[in-house]
Every structure is written in structure tokens, then in C-alpha cells.
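A look at the structure
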Amino acid sequence: MKKTDAIYARQSIDKADSISIENQIEYCKHEVKSKEFKVYYDKGYSGKNTDRPQFQKLLEAVRCGETDRVICYKLDRISRSILDFATMMEEFEKHGVKFVSCTEKFDTSTPMGWAMLNICIVFAQLERETIQQRVTDAYTSRSRKGYYMGGRVPYGYRLTPYIIDGKKTSKYEANPEEAEIIRLIYSLYCESDYSCGDITRYLNSHELINSRSKNKYWNRSRISEIIKNPVYVKADKDVYDFFRQQNSQLHNCPEEFVGVNGLYMYNEKNISQRCTCLEGKHIVL
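Described in the following lines is the structure provided in the data block. These numbers come from a predicted model, not from an experiment.

Quick look at helix H1 (residues 21-32) now. For H1, with twelve residues, the first-to-last C-alpha span of 17 Å sits near the 16 Å given by 1.5 Å per residue. Among all positions of H1, only Ile 21, Gln 24, Ile 25, Cys 28 and Val 32 are buried. Buried residues of H1, viewed axially, fall in a sector of 95°; they line one side. Among the structural elements, strand S1 (4-11), strand S2 (37-43) and strand S3 (67-72) are those in contact with the buried residues of H1.

The strands that make up a sheet pair up through hydrogen bonds in the backbone, lying either parallel or antiparallel. Reading across the sheet, the four strands line up as S2-S1-S3-S4 and stay open at both edges, with parallel pairing between neighbours. Pairing within the sheet leaves two strands with one partner each, and these edge strands are S2 and strand S4 (98-101). When the angles between neighbouring strand axes are averaged without regard to direction, this sheet yields 20°. As judged from the four bridges shared by S1 and S3, these two strands associate in the parallel manner. Directly across from Thr 4, in S3, lies its bridge partner Thr 67. Most of the contacts of H1 go to S1, to which it runs at about 155°, and overall it touches S1, S2, S3 and S4.

Below, the discussion takes up the layout of surface pockets. In this model, the second largest pocket occupies a volume close to 260 Å³. Every residue along the wall of the second largest pocket is listed here: Gly 150, Gly 151, Arg 152, Pro 154, Tyr 172, Asn 229, Pro 230, Val 231, Leu 263, Tyr 264 and Met 265. Looking at the lining of the second largest pocket element by element, the count peaks at three residues for strand S8 (residues 261-268).

Soluble globular proteins tend to bury their nonpolar side chains together. Grouped together as the largest cluster of nonpolar side chains are 19 residues, with contacts concentrated most on Leu 58, Val 70, Ile 78, Phe 85, Met 88, Phe 92 and Phe 99. Where this core is concerned, the elements lending two or more residues are S1, helix H2 (53-63), S3 and helix H3 (82-94). The element best represented in this core is H2, accounting for five residues. Within the second largest apolar cluster, 18 residues are counted, among which are Tyr 155, Ile 185, Ile 199 and Leu 203.

Further remarks concern the side chain of Arg 10. In this structure, Arg 10 sits in strand S1. Among the polar contacts made by the side chain of Arg 10, one reaches the main-chain carbonyl oxygen of Asp 76 at a distance of 2.6 Å. In contact with Arg 10, other than residues within four places in its own chain, are Ile 21, Gln 24, Asp 42, Tyr 45, Ser 46, Gly 47, Arg 52, Asp 76, Arg 77 and Arg 80.

Inspection of every chain in the model, using the stated rule, returns ten aromatic pairs. Seen from their ring centres, Tyr 157 and Tyr 172 are 5.6 Å apart, and the 35° between their planes marks the pair as tilted. Highlighted residues: Tyr 157 in strand S5 (residues 157-164) and Tyr 172 in strand S6 (residues 167-174), separated in sequence by 15 residues. Relative accessible area serves as the criterion here: at 1%, Tyr 157 is assigned to the buried category. Classification of Tyr 172 as buried rests on a relative accessible area of 11%. Aromatic pair Tyr 157 and Tyr 232: ring centres 6.1 Å apart, planes at 20°, arrangement stacked. One end of the pair, Tyr 157, is in strand S5; the other, Tyr 232, is in the loop between helix H7 (220-228) and helix H8 (237-245), with 75 residues separating them in the sequence. Taken as a pair, Tyr 157 and Tyr 232 share a single burial class, namely buried. Through pairs of rings, three or more aromatic residues link up here, namely Tyr 148, Tyr 157, Tyr 172, Tyr 186 and Tyr 232. Positioned over the ring face of Phe 55 is Arg 52, at 4.9 Å from the centre of the ring.

About the cut-offs
- Residues numbered from 1 in each chain as written.
- Predicted model: local features only at pLDDT ≥ 70, side-chain atom pairs only at ≥ 80, totals over all residues.
- Heavy atoms only, no water.
- Helix = DSSP H or I, 4+ residues; strand = E, 2+ residues; numbered from the N terminus.
- Expected span 1.5 Å × (residues − 1).
- Buried < 20%, exposed > 50% of the residue type's maximum accessible area, 1.4 Å probe, protein only.
- Arc of directions from axis to C-beta.
- Contact = heavy atoms within 4.5 Å.
- Pairing = 2+ DSSP bridges.
- Axes fitted to C-alpha atoms, helices over the stretch in contact; angles between N-to-C directions.
- 1 Å grid on protein atoms, 1.4 Å probe; cavity = no way out; pocket = protein on both sides within 12 Å on 5 of 7 lines; lining within 4 Å.
- Points joined across faces, edges and corners; volume = space filled by probe spheres on them.
- Core = buried A, V, L, I, M, F, W, Y, C linked by side-chain atoms within 4.5 Å.
- Polar contact = N/O pair within 3.5 Å; in protein donor to acceptor, adjacent residues only side chain to side chain.
- Phe/Tyr/Trp six-rings, centres within 6.5 Å; stacked < 30°, edge-to-face > 60°.
- Lys NZ or Arg CZ within 6 Å of the ring centre and 35° of its normal.

Here it is in C-alpha cells:
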């Protein structure tokens, strides 16, 4: 069977400062010269793993003995994971396939080439992990300032435009129809012996529909979720003391918990999975 070269290109996000798949392929063609080749490319896929359709087709061609060399623009187009890359190179070596990086000029047939290859893939993984950390830090910083970070809007609220430090974001504002039901739920729970099941039956029997449910009916888990959600709680001194006792991270000082706004909570994934609690921008229902 006649073997051909395989050109592989990948681009996770199409943006101005990234090299396009078309340009990657053109760079690789200079390495191929007059030899026959086949192109594989994945657009919109990250290099953090190898779960990419065209890359898997490339590996299948390698296993079938159809490929002589795998050529890419840069090694991080193949993978940013040391483990994945090492596994791939073992597969290539097993089937006599050479790996070529156009911009880094690796010769994997020599010990020095292998050493340089491994050094570069270490730094490629370090770059990916550094980017992830920057994203996490930016999320934490924006959350602590009160920016709306996405996710399902709590029942009883809707989004309204808002400005923080001159930047556009959103905050919760009361949805009048839903807010009435939220107040009723808390009234029944606090002022009577109603359980979540009792409240569910009361709302459904009085045709107080759940506008966000497909069948319009309430259920116990939804009622329980509402009752436990701190977004509906007035941020006052008692609440501050409660969350401090729960070992939550409290971003605002006690003097800011004045019982007007509600609470906003998010997970601090880099601090032992604890929650950060801060006074929200929304007025409590």
C-alpha cells in the first residue's frame, strides 16, 4: 500500500489574532512538496483532548498503514496535553509514522528531537493551564463586583440593564406576577405548618401556575429550591452572622448588610469549594 502524508489543522476559535485553518494548511504544503497528501482539519475544537472527529479519522488512517508523515503547523494544533501527545507519539512510532511541525522543525527520529518535542509540549500544556487560571481569576473578580455572570434567572426576577464601573452588565429586578407567588410561598412556609408538599398542592389547587414549567405545575423540588435560595433573603446583620458561622467567604463588610438588597452566592472553586456570599445589586422581593 502506498503511503501518503497527512496534513492536520485545528482552530478552536475564529478570531483576528489566531491563524486560520486555511493558512495552517498552506504552511504545511511547503513540507509536503510534490508528495501526495490528505488534509484533516477540525474547526471549533479545543486542543485539551483528542475528542475531535477529523483527528480520530487521522489516527484510523495511521493504524491502517496509510500514512507516512503527520504534518501540522505547530504541535499544539495536535494536542496541548502531555499525556495525549505521548500516547499519540507511541501510536505513530508503532506504525512507523513520522511527525513534523512546520514552525518548530522537529525530527522525531533523533533523541534530541524527542527531547525538544517533550519540552515544547510541557510549555504548551502550561500555557493552557495559565489561560484557564486567568479565566477563573477574571470570573471571581467580576463576581465579587456584582456583575451578572449568566445562569438561570431566579423565579420572581427578570434581567434589567445595569452599569458597574462604566461597564454594561445586568441585574435582577422584580417580575411583578412571579414576585407575588414568591411572597405567597414564603408566607405559607413561615406563617403556618405548611411543608413543601403542602405548598405545592396549595399552588396547584388554586391554579397559581408555574410559568417557567412546561406543564405549568409546581413540584416539591422546585418549592424547596426557592425556599433555600439566598437570593430571596434580605442581606442584614443576622444573615451575615449566619453565613460567617457556615464558614462561607463574605465579600462585603458587616456594615453593608443593611437589609435592603438580596444575596448573591457563587462557588470559590480554588478555595476548598467554599461559597462566596456578597450583597447583591437586586432589591429583595
